[in-house]
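Listed below, chain by chain, are the residues.
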Amino acid sequence: MDYGLKNRLSRIIKPNDNRTVMLAIDHGYFMGPTSGLEDVKNSITPLLPYADSLMLTRGILRNQIDAGIDIPIVLRVSGGTSILKDDLSDEDITVSMEEAVRLNVSAVALSIFIGSKNEKQGIINLARLIDEGNKFGIPVLAVTAVGREMARDARYLSLAVRIAAETGASIVKTYYCEDFEKVINTCPVPVVVAGGKKTAERDALELAYNAVRSGAAGVDMGRNIFQSEKPVNMIKAVRAVVHEGLTAEEAYNTICNK
Ligand code: R5P
């Protein structure tokens with residue numbers, strides 16, 4: 001693997017344990033001012049010391065994140081729809097690779113929508129982005145987005161994840177499901193799980209615990225952290241589960257609920 005690509009990946013997935021806690025705050029690219037992210041700078045700055053990387057759009061990066069903060073950036077480079085549309089799958093590439101290089105990012109992220117009417121468009125965009133990324137040594141994280149009508153089960157998610165990996169993604173993000181080992185064991189690159197909609201802290205920690213126990217490289221979690229009543233405690237607890245092997249119960253009792 002190319003040195004630059006490998007070096008950038010090692011900034012996101014920590015080589016000492018091959019795990020990562022990615023903080024996702026890119027929701028605004030189609031959801032607008034998401035609850036908990038109205039004032040990004042004030043809500044996110046206290047969380048940054050506990051995140052291994054930050055996933056966001058260029059608008060928020062440029063305007064709300066201090067350029068002096070040492071945190072690897074995973075830049076959301078797909079978009080084109082909003083929550084006002086029924087079908088969110090009609091995405092294209094929204095940021096050039098030159099711009100990603102200029103912003104000194106460690107990876108770029110794009111969604112694919114397997115089974116949607118825009119399935120092909122997403123896969124071809126992913127392939128093009130990977131070709132561009134390879135020119136500059138920038139890894140691509142493929143987000144396997146799931147339409148409302150699609151089941152989040154191991155059969156579907158392993159299909160989506162494997163297609164992303166076969167297309168050349170360096171990391172794949174997906175949802176946790178029953179029989180998650182099947183998704184992990186058939187994917188040749190690291191998999192991270194999204195947190196999904198806000199749930200009870202214990203449940204989100206349980207999801208993180210089950211995901212890493214099944215072989216995931218970690219989490220790319222957003223709402224369950226920044227919408228928590230105690231977001232700093234929550235991200236510390238997620239870290240303890242992902243990097244230190246605490247169970248969800250231990251992390252909840254000793255860190256989250258302190
Ligand atoms: C969703 O479109 C974004 O890619 C989010 O980064 C992703 O869903 C993870 O955030 P959450 O944990 O809130 O689901």
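In short, a report on the structure.

### Considerations on the overall build of the chain
A count of helices and strands for the chain gives twelve helices and ten strands. Computed over C-alpha atoms, the radius of gyration of the chain comes to 17 Å, within 12% of the 18 Å expected from 2.2 N^0.38 for 258 residues, which places it in the range of a compact globule. For the chain, the spread of C-alpha atoms along the three principal axes comes to 45 × 40 × 40 Å. Per-residue burial for the chain yields a buried fraction of 53% across its 258 residues.

### Looking at the side chain of Ser214
In this structure, Ser214 sits in the loop between helix 9 (201–213) and strand 10 (218–221). Excluding its chain neighbours within four sequence positions, the residues that come into contact with Ser214 are Tyr176, Phe180, Glu181 and Ile184.

### So, the site of the ligand
Among the 15 residues in the neighbourhood of the ligand, the closest are listed as Asp26, His27, Lys173, Gly222 and Arg223. Asp26 places a side-chain nitrogen or oxygen 2.5 Å from an oxygen atom of the ligand. The separation between an oxygen atom of the ligand and a polar main-chain atom of Gly222 is 2.8 Å. Protein coverage of the free-state accessible area of the ligand, which is 360 Å², stands at 94%. More than half of the atoms belonging to the ligand lie within 2 Å of the grid points that define the largest pocket. Looking at the shell around the ligand, the elements with two or more residues in it are helix 2 (28–31) and strand 10. Of the residues contributing to the shell around the ligand, the split by class is six nonpolar, four polar and five charged.

### Quick look at the pairing of strand 1 (residues 20–24)
Burial within strand 1 is extensive, with five of its five residues counted as buried. In strand 1, alternate side chains face the same way, and those of Thr20, Met22 and Ala24 on one face and Val21 and Leu23 on the other are all buried. Bridge analysis of strand 1 against strand 10 gives four bridges, and the strand direction is parallel. Bridge assignment links Val21 to a residue of strand 10, and that residue is Val219.

### Considering unusual backbone geometry
Positive phi, normally seen in glycine, also occurs at Asn18, with a value near 55 degrees. Note that Asn18 resides in the loop between helix 1 (3–12) and strand 1. For Asn18, a relative accessible area of 52% corresponds to the exposed category. Of note, the phi angle at Asp179 is positive, near 55 degrees, even though the residue is not glycine. Topologically, Asp179 is positioned in the loop between strand 8 (171–174) and helix 8 (180–185).

### A closer look at the layout of surface pockets
Taken as a whole, the largest pocket encloses approximately 990 Å³ of empty space. The wall of the largest pocket is formed by 38 residues, among which Phe30, Val146, Arg152, Tyr175 and Arg223 lie closest to the centre. Taken together, the elements giving at least two residues each to the lining of the largest pocket come down to helix 2 and strand 10. For the lining of the largest pocket, the element with the highest residue contribution is helix 2, accounting for three residues. A breakdown of the residues in the lining of the largest pocket according to their chemical character gives 16 nonpolar, nine polar and 13 charged. If you add up the space inside the second largest pocket, you get close to 250 Å³. Here the lining of the second largest pocket is composed, by residue class, of eight nonpolar, one polar and four charged.

### Brief notes about the sheet that holds strand 6 (residues 107–112)
Judged by pairing direction, the barrel is parallel, and its eight strands sit side by side in the order 1-2-3-6-7-8-9-10 before closing back on the first. When strand polarity is set aside, the average angle formed by the axes of neighbouring strands in this sheet is 25 degrees. By the bridge criterion, three bridges tie strand 3 (residues 73–76) to strand 6 in an arrangement that is parallel. Bridging from a neighbouring strand, Arg76 pairs with Ala109 of strand 6. This element, helix 6 (residues 119–136), spans strand 6 and strand 7 (140–144) of the sheet and lies at about 165 degrees to strand 6. Helix-sheet contacts for helix 7 (residues 154–167) involve strand 6, strand 7, strand 8 and strand 9 (191–194), and the interaxial angle to strand 8 is about 155 degrees.

### Concerning the pattern of salt bridges
One pass over the structure, following the stated rule, counts twelve salt bridges. The salt bridge involving Glu99 is made with Arg58; its shortest N-O contact spans 3.0 Å. Pair noted here: Glu99 is in helix 5 (residues 97–102) and Arg58 is in helix 4 (residues 58–64), with a separation of 41 residues, a long-range link. Judged by its relative accessible area of 4%, Glu99 falls in the buried class. A residue is classified by how much of its surface remains accessible, and Arg58, at 28% relative accessible area, is partly exposed. A salt bridge links Glu99 to Arg62; the shortest N-O distance between them is 2.4 Å. With a gap of 37 residues between them, Glu99 in helix 5 and Arg62 in helix 4 connect regions that are remote in the sequence.

Rules and cut-offs
Sequence positions are assigned chain by chain, starting from 1 and proceeding in written order. Totals for whole chains, interfaces and linings use all residues, but because this is a predicted model, local features are given only for residues with pLDDT of at least 70 and pairs of side-chain atoms are given and counted only at 80 or more. Excluding hydrogens and water, the side-chain figures rest on all heavy atoms present in the structure. The helix count covers DSSP runs of H or I at least four residues long, the strand count covers runs of E at least two residues long, and both are numbered beginning at the N terminus. Taken over C-alpha atoms, the radius of gyration is set against a globule rule of 2.2 Å times the number of residues to the power 0.38. Residue burial is assigned from relative accessible area. The probe radius is 1.4 Å, only protein chains are included, and a residue is buried under 20% of its type maximum, exposed over 50%, and partly exposed in between. Contacts: residue pairs with any heavy atoms within 4.5 Å of one another. If a single non-hydrogen atom of a residue is within 4 Å of a molecule or strand, that residue counts as near it. Definition of a polar contact: a pair of N or O atoms within 3.5 Å, with one able to donate and the other able to accept a hydrogen when the atoms are protein atoms, and with sequence-neighbouring residues admitted only if both atoms are side-chain atoms. Under the convention used here, a 1.4 Å probe and the Shrake-Rupley method define accessible areas, while residue burial counts only the protein chains that appear. Throughout, the protein atoms alone are placed on a 1 Å grid, and a set of points is a cavity if a 1.4 Å probe fits but cannot get out or a pocket if it is open with protein on both sides within 12 Å along at least five of seven lines; lining residues have an atom within 4 Å of a point. Pocket occupancy is defined atom-wise: a molecule lies in a cavity or pocket when more than half of its atoms are within 2 Å of its grid points. Classification used: nonpolar for Ala, Val, Leu, Ile, Met, Phe, Trp, Tyr, Cys and Pro, charged for Asp, Glu, Lys and Arg, polar for all others including Gly. Note on pairing: two strands pair once DSSP finds at least 2 bridges between them. Grid points are joined across faces, edges and corners, and a volume is the space filled by probe spheres set on the points. Interaxial angles span 0 to 180 degrees and are taken between N-to-C directions of axes, which are lines fitted to C-alpha atoms, for helices over the stretch in contact. By definition here, a salt bridge exists when the distance from a side-chain nitrogen of Lys or Arg to a carboxyl oxygen of Asp or Glu is within 4 Å.

Note that all results are geometric; they support no functional claim without further evidence.
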